[in-house]
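So the chains spell out like this:
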Protein chains: 2
Amino acid sequence: VSGGEAPPAPWCVVVIGAGLIGASIGRALTEAGHRVHLVDALPSHARVAESLGAGSTEPPPPDQVRLVVVAVPPRALAAVIEDALDRYPGATVTDVGSVKAGVLEALWRHPEVSRYVGSHPMAGSQHSGPVTARADLFVDRTWVVAPHRRSSPSALATVSALAEACGARVVVMDVAEHDAAVARVSHLPHLMSVLMAGHLTGVPAGDLLLAGQGLRDVTRIAGSDPDLWEQIVSSNSAAVLAELRQIRARLDSMIEAVDGSANGGSASGDSAGEVSAALRRELDRGVQGTHAIPGKHGAAPVTYAEVVVAIPDAPGALGRLFADVGEAGVNVEDVSIEHDRNRQVGYLSLAVTPDAEPGLTAWMRDRGWDVQA
Amino acid sequence: VSGGEAPPAPWCVVVIGAGLIGASIGRALTEAGHRVHLVDALPSHARVAESLGAGSTEPPPPDQVRLVVVAVPPRALAAVIEDALDRYPGATVTDVGSVKAGVLEALWRHPEVSRYVGSHPMAGSQHSGPVTARADLFVDRTWVVAPHRRSSPSALATVSALAEACGARVVVMDVAEHDAAVARVSHLPHLMSVLMAGHLTGVPAGDLLLAGQGLRDVTRIAGSDPDLWEQIVSSNSAAVLAELRQIRARLDSMIEAVDGSANGGSASGDSAGEVSAALRRELDRGVQGTHAIPGKHGAAPVTYAEVVVAIPDAPGALGRLFADVGEAGVNVEDVSIEHDRNRQVGYLSLAVTPDAEPGLTAWMRDRGWDVQA
């Protein structure tokens, strides 16, 4: 499915569940030249997905099916996968569920479990309808493929090829490793958001007039479908519990740190400086954690180059400086002011992509500005 | 400062601290016709703010100053306000700090405390520089004005007029009430974000490849300046502690609910159904909490009208339906599919502003679609 070679023969693919994920997979595979057949318990979902170019609602000849993608809610997964293994005897079967161990356990005694390899694309939510389906939903996203002891190499290859055909970046992970990872980076953050949002139900309405963007960001995902999340958390409860217990220990430390920062010293006799330092360590750790998250869409964070210009000692000149930066035609990602305390001089620091830095430096020097080397 | 009357005489205003907040206030007041003088410990900050139209860096004649706005970091507030009360004998003095009680306590014995009324605009962060300052930063935002037992009515009126001149909506609140409110809707959410982000420092790097938008949203504010937040949380620690302890109790309930949802029943003998119901209640409470937050910029949430169209039983027709909706020239806020399980019929539900609903309904009927009454 990669470029440069003759195009591979089109596959006959069945997508079961024409929600956002299923319909988007249908659109991506159809665009890649494969034949997609759509099945949904709600015929109107399948028809809308069909009208959006996600495939056909006609049933396929069962023995021509190469791949079945099961994109139904978590509680229905095991039964639908089992049925697909029985119904399409030559097909690899995968699913797109958020938790992998329970489903595999339920399928473990199926004689054809070697044809099942679970997967998990990190995009969208399983519960929305097909109307917002997009062929590029998975482009540059991580798509976990989770083989197991009994899965066949060809099933693993087929599911990996599916993810690549959708433009995703394949990450192969063990089932237990996957479930622990999503507990940490998806299920725990969801429950933290729920905890904060739930707390607001006991807050006076007048207080909420003071809500800013920060509160909205922290609580946004708590508004997601509680039925879906009940299924997700229940099916990964052991891994989620381990994370929640670590958070509780950390919350206790934070309570102690805030308690100590009050009015210069805690009951245990620490000095105000020491306990404020404990709060500061918690806050610093939070900043560090935000840096640990890879950039948008999982790409490595971009490191910008800095062009630093001395701020002239006259208002009119500074206006011209901004104008000259604007006319340089360079996309400035960030602007900040730096200081030299000893010399009472200020510098304007312009963050640009590394390739734009030499051009902007030359442009500004040409116009007479003092650009730092 | 409200419309319809002759414009009031311009005020002479001093803004101390030319960061994002101070420089934005300077720009808004300058645009409203007032004379603004800028002071900053870092002269380059004041000069940049001046070049952006936030006022002049020339010192004003002290006895002409009508209002002083102190927009410096929390730990410097009390000393700078005290100095302003001494230096400008006829001026009302306000500040824009996030916590109000500690500053007032420090000023309580000042003979001129009647001229001080604290305030708190709900926008931006005090620690960023002036380069992103905007005259409209406060438009339609909440701006808390917090009078006290000794403040004069004219000082309260002057500070309220400041907020209105900046386009904000004034909310008058008692000092203690304000501090409790920001503990709930700002400081607690910040610490929850810090807790989650800090936890990521102990997560394997490979797991973070699975991070989605949800994790980024929950942890975004944890990346804010830890020095500023140490000052904010320390100065409001009693109120913050009360909230953290409530969250601690709620986290225990959540841990119990998740524990119970595992493998059909908890150690205490509850049935799987009961304990899963406990998890569901936590999730439902979270959804409810997100609905408690007023809409963007503090406005009441918009209620949309629904235009519901029967989905025709043919793929080509559905394509035409989408095209006709697109050509109606109406801004569709949301699209979803509804079902009639008994009749196997689907409906496309289009959410639009109430004023657009009659027009869209007529337009679709004109084109032959079956629109529900």
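Residues numbered from 1 in each chain as written. Chains lettered and ligands numbered in written order. Predicted model: local features only at pLDDT ≥ 70, side-chain atom pairs only at ≥ 80, totals over all residues. Heavy atoms only, no water.

**Notes on the overall build of chain A**
Part 1 of the reasoning: Helix and strand content of chain A: 12 helices and 10 strands.
Part 2 of the reasoning: Sorting the 373 residues of chain A into buried and exposed places 53% on the buried side.
Part 3 of the reasoning: Residue pairs at least 24 apart in sequence account for 68% of intrachain contacts in chain A once pairs closer than 6 positions are excluded.
Part 4 of the reasoning: When the accessible surface of chain A is summed, it comes to about 15700 Å², and 51% of that surface belongs to carbon and sulfur atoms. (Helix = DSSP H or I, 4+ residues; strand = E, 2+ residues; numbered from the N terminus. Buried < 20%, exposed > 50% of the residue type's maximum accessible area, 1.4 Å probe, protein only. Contact = heavy atoms within 4.5 Å. Areas by Shrake-Rupley, 256 points an atom, 1.4 Å probe, with all protein chains shown as cover.)

**Focus on the pattern of salt bridges**
Residues and elements named next belong to chain A.
Part 1 of the reasoning: Within the structure shown, the criterion is met by 29 salt bridges over all chains.
Part 2 of the reasoning: Salt-bridge contacts for Glu282 lead to Arg250; the nearest nitrogen and oxygen are separated by 3.1 Å. Here Glu282 is found in helix H10 (residues 272-292), whereas its partner Arg250 is found in helix H9 (residues 237-261), with 32 residues between them in sequence.
Part 3 of the reasoning: For Arg250, a relative accessible area of 26% gives the class partly exposed. (Salt bridge = Lys/Arg side-chain N within 4 Å of Asp/Glu carboxyl O.)

**Some words on the interface of chain B and chain A**
Part 1 of the reasoning: In this complex, chain B contributes 111 residues to the contact, which on the side of chain A involves 112 residues.
Part 2 of the reasoning: Carbon and sulfur atoms make up 71% of the area that chain B and chain A hide from each other, which totals about 10000 Å².
Part 3 of the reasoning: The tally of links from chain B across to chain A stands at 12 salt bridges.
Part 4 of the reasoning: Where Arg248(A) meets Asp252(B), a salt bridge forms, and the shortest distance between an N and an O atom there is 2.7 Å.
Part 5 of the reasoning: Summed over the shared surface of chain B and chain A, the number is 16 residue pairs in polar contact (both at pLDDT 80 or more). (Buried area = accessible area lost by both parts, 1.4 Å probe. Polar contact = N/O pair within 3.5 Å; in protein donor to acceptor, adjacent residues only side chain to side chain.)

**Focus: the pairing of strand E8 (residues 305-310) of chain A**
Residues and elements named next belong to chain A.
Part 1 of the reasoning: Burial of E8 is extensive: 5 of the 6 residues sit out of reach of the surface.
Part 2 of the reasoning: Relative to strand E10 (residues 345-352), E8 runs antiparallel, the two being bridged by 6 bridges. Within E10, the position partnered with Val307 by the bridge is Leu350. (Pairing = 2+ DSSP bridges.)

**A word on the sheet that holds strand E7 (residues 169-172) of chain A**
Consider a sheet: its strands pair through backbone hydrogen bonds, and that pairing is either parallel or antiparallel.
Residue and element names in this part refer to chain A.
Part 1 of the reasoning: Within the open sheet, the 3 strands sit side by side as E5-E6-E7. Their pairing is mixed. Where the open sheet ends on each side, the last strands, each with one partner, are strand E5 (118-121) and E7. Shown here is a sheet whose adjacent strand axes are inclined to one another by a mean of 25°, direction ignored. (Axes fitted to C-alpha atoms, helices over the stretch in contact; angles between N-to-C directions.)

**Focus: the relation of the copies chain B and chain A**
Part 1 of the reasoning: Once turned by 180° and shifted 0.1 Å along the axis, chain B lies on chain A with an RMSD of 0.1 Å. These values place the two chain copies in the arrangement generated by a two-fold rotation axis. Identified as the residue of chain B closest to the rotation axis by C-alpha distance is Val218(B), at 2.1 Å. (Least-squares fit on C-alpha atoms with pLDDT ≥ 70 in both.)

**So, helix H2 (residues 43-51) of chain A**
All names here are of chain A.
Part 1 of the reasoning: Of all the 9 residues making up H2, 7 are buried; the element is thus mostly covered by neighbouring parts of the structure.
Part 2 of the reasoning: Where H2 is concerned, the buried positions are Ser44, His45, Ala46, Arg47, Val48, Ala49 and Glu50.
Part 3 of the reasoning: Of the residues one or two after H2, Gly53 is the one with positive phi, at around 85°.

**Description of the side chain of Ser151(B)**
Part 1 of the reasoning: Counting through the fold element by element, Ser151(B) comes out in the loop between strand E6 (142-146) and helix H5 (153-165).
Part 2 of the reasoning: Within the structure, Ser151(B) has its side chain in polar contact with the backbone oxygen of His148(B) (distance 2.9 Å).

**As for unusual backbone geometry**
Residue and element names in this part refer to chain A.
Part 1 of the reasoning: Even without being a glycine, Asp140 presents a positive backbone phi close to 65°.
Part 2 of the reasoning: With respect to the element layout, Asp140 can be found in the loop between E5 and strand E6 (142-146).
Part 3 of the reasoning: Asp140 gets classed as partly exposed once you look at its relative accessible area, which sits at 42%.

**Observations regarding the confidence of the model for chain A**
Residue and element names in this part refer to chain A.
Part 1 of the reasoning: On average, residues of chain A score 88 in pLDDT, and 88% of them are at 70 or above.
Part 2 of the reasoning: Across residues 264-270 the pLDDT falls below 50, and counting only partners more than four positions away or on other chains, this stretch makes 9 contacts in the model.
Part 3 of the reasoning: In the predicted complex, the global pTM is 0.83; the interface-specific ipTM is 0.83. (pLDDT = per-residue confidence, 0-100.)

**Focus: the sheet that holds strand E3 (residues 67-70) of chain A**
Residue and element names in this part refer to chain A.
Part 1 of the reasoning: Strand order in the open sheet formed by 4 strands is E2-E1-E3-E4, and the pairing between neighbours is parallel. Looking at which strands have only one partner, the edges of the open sheet turn out to be strand E2 (35-39) and strand E4 (92-95). The average undirected angle you get between the axes of adjacent strands in this sheet is 20°.
Part 2 of the reasoning: Across the sheet, helix H5 (residues 153-165) touches E3 and E4, and the angle it forms with E4 is around 55°.

**Let's talk about the packing of helix H6 (residues 175-200) of chain A against H9(A)**
Residue and element names in this part refer to chain A.
Part 1 of the reasoning: In contact at an axis separation of 9 Å, H6 and H9 are set at 55° when each is read in the N-to-C sense. Relative to H9, the element H6 is oriented oblique. Regarding H6 and H9, the two cross each other, and that crossing is right-handed. In contact with Asp179, Ala180, Ala183, Arg184, His187, Leu188, Leu191 and Met192 of H6, H9 contributes Ala239, Val240, Glu243, Leu244 and Ile247. (Parallel < 35°, antiparallel > 145°, perpendicular 65-115°, else oblique. Left-handed = near helix turned anticlockwise from the far one by under 90°.)

**Description of the pairing of E7(A)**
Part 1 of the reasoning: Across 4 bridges, the pairing between E6(A) and E7(A) is parallel. Considered in E7(A), the bridge of Val145(A) is made with Val172(A).

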